[in-house]
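Each chain, letter by letter, is given below.
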Amino acid sequence: MTTNTILPDVLQNKRKLNKIAVFTSGGDAPGMNAAIRAVTRAAISKKLKVTGIRHGYQGMIDGDFIPLTASDVSGIIQSGGTILKTGRCEAFKTPEGRQQAYQHLKRAEIDAVVVIGGDGSFSGAMEMSQEFDVSFVGIPATIDNDIYGTDYTIGYETALNTVVDAVDKIRDTARSHGRIFFVEVMGHEAGLLALDSGIASGAEVILIPESTEQHEELEWFLNKGYKQKESSGIIIVAEGDETGGAMKIAEKVKVEHPDLDVRVTILGHIQRGGSPSAKDRINATRMGVAAVEALFDDQKSIMIGLVNEKIVQVPFNKAVKLNHSIDLSLLEIQRLMNF
Ligand code: F6P
């Protein structure tokens, strides 16, 4: 049995960290609060001070900083959204904006920063760390699950459950009225949320940006499959699909198939809210602790990821540049379920 020699924290604190900051950036995602909580408590356990930056990069530029204590992050693990607020920030894309942000970090004596967000947020962190002496470690949090190097992004599983619950409800009324529903889900330019929710909800057709073959499936279903089933159907459409989304394709179908009773539901921002699932809370907590440990170990410009349930470190320049792969074999499985 190996004994792990756990060095006293002070010895592991290679960069002599005293104070770290944490903030959320980009679209919010359920589980962000669990990550904030984990970063804060892990840092305090290592005798570090913690600053919360509010409103994403804009808050860094404005110096909108608050101290975070263990009690400040009490009772938030179950809450959707982010207590630190979030947003996208054009000003941070300018050198002047990053300079102003850096001044505030230095004035606040912040040694390192944990950024909780998507690949756009990591790009900003990478750019700033190339210009200034600031260490960033990223935690992937977006309902899109479109980041290279990690199986999970925080919020994805909760959003997936939200979509499936909504589609199950739409299925009831589709069946009662013999209607075909085009249901649009988020995902930005990625189709994973559409693909997984389509499989889980038993959708008849799934339209995603990563595959154009599905449009033949749709034609087959509208001309034949629809009539063979109990004359109703659910078509999941990823918002980034080449058709331009559920509204556009439904209008086209109404013209080409006037005999069909067609409706559209665009799920929208309901997918971004809700209490995070247990899995998202666990992943967020593990990633939060791992992010603090990485900073303690003098790591920087890396994202904490989960691959086969194991914590990994992915350089920002890979996480932001490479694409998250999608398992298109799931489309074959979906076809099998609906032949
Ligand atoms: O990136 C998360 C996401 O929800 C995308 O799926 C979606 O396209 C986008 O954010 C919506 O952005 P906003 O909240 O600014 O409307």
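Residues numbered from 1 in each chain as written. Predicted model: local features only at pLDDT ≥ 70, side-chain atom pairs only at ≥ 80, totals over all residues. Heavy atoms only, no water.

## Quick notes on the sheet that holds strand β10 (residues 302-307)
And then number 1: Here seven strands make up an open sheet; going across it, the order is β3-β2-β1-β4-β5-β10-β11 and the pairing mixed. In the strand order of this sheet, the two ends are held by β3 (65-67) and β11 (310-315), each with one partner. For this sheet, the mean angle separating the axes of adjacent strands, direction not counted, is 30 degrees.
And then number 2: In this structure, β10 lies alongside β11, joined through six bridges in antiparallel fashion. By the bridge assignment for β11, Gly305 is matched with Val312.
And then number 3: Across the sheet, helix α5 (residues 119-131) is in contact with β4 (112-117), β5 (135-140) and β10; its angle to β5 comes to roughly 170 degrees. (Pairing = 2+ DSSP bridges. Helix = DSSP H or I, 4+ residues; strand = E, 2+ residues; numbered from the N terminus. Axes fitted to C-alpha atoms, helices over the stretch in contact; angles between N-to-C directions. Contact = heavy atoms within 4.5 Å.)

## Brief notes about the domain arrangement of the protein
And then number 1: According to the domain assignment, the protein consists of domain 1 (9-155 + 276-321) and domain 2 (156-273).
And then number 2: On a C-alpha basis, the centroid separation for the pair domain 1 and domain 2 is 35 Å.
And then number 3: Every contact between the two is made by 16 residues of domain 1 and, on the other side, 14 residues of domain 2.
And then number 4: For the pairing of domain 1 and domain 2, the buried interface totals around 1100 Å² over both sides, and the portion due to carbon and sulfur atoms is 53%.
And then number 5: Contact with domain 2 buries area across many residues of domain 1, yet Ile143, Asp144 and Asn145 alone supply 43% of it, more than any other trio. (Domains from an automatic or database assignment. Buried area = accessible area lost by both parts, 1.4 Å probe.)

## Re the site of the ligand
And then number 1: Neighbouring the ligand are Arg88, Thr142, Ile143, Asp144, Met186, Gly187, His188, Glu239, His269 and Arg272.
And then number 2: Here an oxygen atom of the ligand sits 3.3 Å away from a polar atom, N or O, in the main chain of His188.
And then number 3: Out of a free accessible area of 400 Å², the ligand has 72% covered by protein chains.
And then number 4: Here the ligand is seated within the largest pocket.
And then number 5: When its residues are assigned to classes, the shell around the ligand shows two nonpolar, four polar and four charged.
And then number 6: Looking at which domains feed residues into the shell around the ligand, each of domain 1 (9-155 + 276-321) and domain 2 (156-273) supplies at least three. (Near = heavy atom within 4 Å. Polar contact = N/O pair within 3.5 Å; in protein donor to acceptor, adjacent residues only side chain to side chain. Areas by Shrake-Rupley, 256 points an atom, 1.4 Å probe, with all protein chains shown as cover. 1 Å grid on protein atoms, 1.4 Å probe; cavity = no way out; pocket = protein on both sides within 12 Å on 5 of 7 lines; lining within 4 Å. Sits in = over half its atoms within 2 Å of the grid points. Nonpolar A, V, L, I, M, F, W, Y, C, P; charged D, E, K, R; others polar.)

## Re the nonpolar core
And then number 1: Of all hydrophobic cores here, the largest spans 63 residues; its most connected members are Ile20, Val114, Ile116 and Ile234.
And then number 2: With nine residues, the top contributor of residues to this core is helix α6 (residues 156-177).
And then number 3: Among the domains, domain 1 (9-155 + 276-321) and domain 2 (156-273) are the pair contributing at least three residues each to this core.
And then number 4: If we ignore the near neighbours within four places in the chain, the residues touching Ile20 are Val39, Ala43, Leu48, Lys49, Val50, Thr51, Ile110, Ala112, Val114, Val292 and Leu295.
And then number 5: Tyr102, Ala125, Ile147 and Val320 belong to the second-largest nonpolar core, a separate cluster that totals 28 residues. (Core = buried A, V, L, I, M, F, W, Y, C linked by side-chain atoms within 4.5 Å. Buried < 20%, exposed > 50% of the residue type's maximum accessible area, 1.4 Å probe, protein only.)

## Notes on the sheet that holds strand β9 (residues 262-266)
And then number 1: One open sheet accounts for four strands, arranged β7-β8-β6-β9; its pairing is parallel. The open sheet has two edge strands, β7 (205-207) and β9, and neither has a second partner. Averaged over all pairs of adjacent strands, the angle between their axes in this sheet comes to 20 degrees, without regard to strand direction.
And then number 2: Both β7 and strand β8 (residues 233-238) contribute to a ladder of three bridges, which runs parallel. In the strand pairing of β8, Leu207 is matched with Val237.

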